[in-house]
Structure formats: structure tokens, C-alpha cells
Amino acid sequence: MGQALEAAEKLAEEGIDAEVIDLRSLRPLDMDTVLESVKKTNRIVMIEQAWPVCSIGSEICSRVALDAFDYLDAPPTKVSGKDVPMPYAANLEKLALPTTLDLIEAVKAVCYKA
């Protein structure tokens, strides 16, 4: 959540108003809030520390594509951990996790800003 808020602040400086949603539980999954945000912003960028395959971010992006396709102006996008076993060494673990910069780049991509 800290990375998302930090990215939103930096994006605001560049004129991009990002809405941040903190899904505090996965069961029940608050898809109504997610879908309302997509209807308002016409975009979704998920960030999670999980692997990129078969994650909650994948499920949410899939459901957004199914339930809010007509509202999307860009593909649902995920920023996730690298597709590697989680390293034990702290310096390698840091490299395997998504960064604020990764999130900022993904948001700019769905907003079609370089």
C-alpha cells in the first residue's frame, strides 16, 4: 500500500490523478469497489508482491475484463513480483519484488504517457 500511495503522489506531480484502493480482504472480495473505480477512471493497474501467474491480481484483472470491458480505455495491467522463487538474501529479495518505479511506469503506460 505504501508503494501505491507513493506512486500516486509522484504521478499527481505529473498531472495523473490515480485512485488507490486497498483491498483489505480477499474473501469477500470487494469487486463492487473495483468496478466502480474502473467505471470512473476507465483503467486498472494492480500491484502485488505475488508471482505473476495465478494470483489475486490475475483474478481481479480477469473479472474487470469480463464485467467492465466496455468502460476500459486500456488493458487491465498487473505489476507483480518476478517469476522466480523468492530469494532468501535480502538484496536479491528486493530485486524480485515490484517497485514504486515499476508501478509508475505501468500507470503511465495505461494513460498513454511516455
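Refer to the structure presented above.
Worth saying up front: this structure is predicted, and the values here are computed from it rather than measured.

(A) Spatial organisation of the overall build of the chain. Helix and strand counts for the chain stand at 5 helices and 2 strands. The linear arrangement of helices and strands in the chain, starting from the amino end, is α-α-β-α-β-α-α. Against the globule reference of 13 Å for 114 residues, the chain gives a C-alpha radius of gyration of 14 Å, in line with a compact fold. Dimensions of the chain along its principal axes, counting C-alpha atoms only, are 45 × 35 × 20 Å. A burial count over the chain gives 32% of its 114 residues as buried. Of the contacts formed within the chain by residues at least 6 apart in sequence, a portion of 64% connects residues at least 24 apart. Carbon and sulfur atoms make up 55% of the accessible area of the chain, which totals about 7,400 Å². Taking the 12 positively charged and 19 negatively charged side chains of the chain as two groups, their mean positions are separated by 1 Å.

(B) Representation of the environment of A7 within the structure. Residue placement: A7 occurs in helix α1 (residues 2-13). When the C-alpha atoms of A7 and V20 are compared, they prove to be 9.7 Å apart, with 13 residues separating the residues in sequence. If near-sequence neighbours (up to four positions away) are discounted, A7 is found in contact with T100, L103 and I104.

(C) Representation of the layout of surface pockets within the structure. There is about 860 Å³ of room inside the largest pocket. Residue lining of the largest pocket: 35 residues in total, with E19, V20, I21, V45 and M46 positioned closest to the centre. At 5 residues, the largest contribution of residues to the lining of the largest pocket is made by α1. In terms of residue class, the lining of the largest pocket is made up of 24 nonpolar, 5 polar and 6 charged.

(D) Broad picture of α1. Between the first and last C-alpha of α1 there are 17 Å, a value that for 12 residues agrees with the 16 Å anticipated at 1.5 Å per step. Three or more residues of α1 are buried, namely A4, A7, A8 and L11. End-on view of α1: buried residues confined to an arc of 105°, all on one side of the axis. Of the exposed residues in α1, the ones pointing more than 90 degrees away from its buried face are G2, E9 and E13. Note on α1: the residue one or two positions beyond its end, G15, has a positive phi of about 85°.

(E) Geometry of the environment of S25. Tracing the sequence through the fold places S25 in the loop between α1 and α2 (31-41). Within the structure, the side chain of S25 is placed 3.0 Å from the backbone oxygen of P28, a separation counted as a polar contact.

(F) Layout of the side chain of S37. Here S37 is to be found in helix α2. When its relative accessible area of 8% is taken as the criterion, S37 is described as buried. Not counting residues within four places of it along the chain, the set of residues in contact with S37 comprises E19, I21 and N42.

Rules and cut-offs
Residues numbered from 1 in each chain as written. Predicted model: local features only at pLDDT ≥ 70, side-chain atom pairs only at ≥ 80, totals over all residues. Heavy atoms only, no water. Helix = DSSP H or I, 4+ residues; strand = E, 2+ residues; numbered from the N terminus. Rg over C-alpha atoms; globule rule 2.2 N^0.38 Å. Buried < 20%, exposed > 50% of the residue type's maximum accessible area, 1.4 Å probe, protein only. Contact = heavy atoms within 4.5 Å. Areas by Shrake-Rupley, 256 points an atom, 1.4 Å probe, with all protein chains shown as cover. Lys, Arg positive; Asp, Glu negative; His and termini not counted. Charge placed at Lys NZ, Arg CZ, Asp CG, Glu CD. 1 Å grid on protein atoms, 1.4 Å probe; cavity = no way out; pocket = protein on both sides within 12 Å on 5 of 7 lines; lining within 4 Å. Points joined across faces, edges and corners; volume = space filled by probe spheres on them. Nonpolar A, V, L, I, M, F, W, Y, C, P; charged D, E, K, R; others polar. Expected span 1.5 Å × (residues − 1). Arc of directions from axis to C-beta. Polar contact = N/O pair within 3.5 Å; in protein donor to acceptor, adjacent residues only side chain to side chain.

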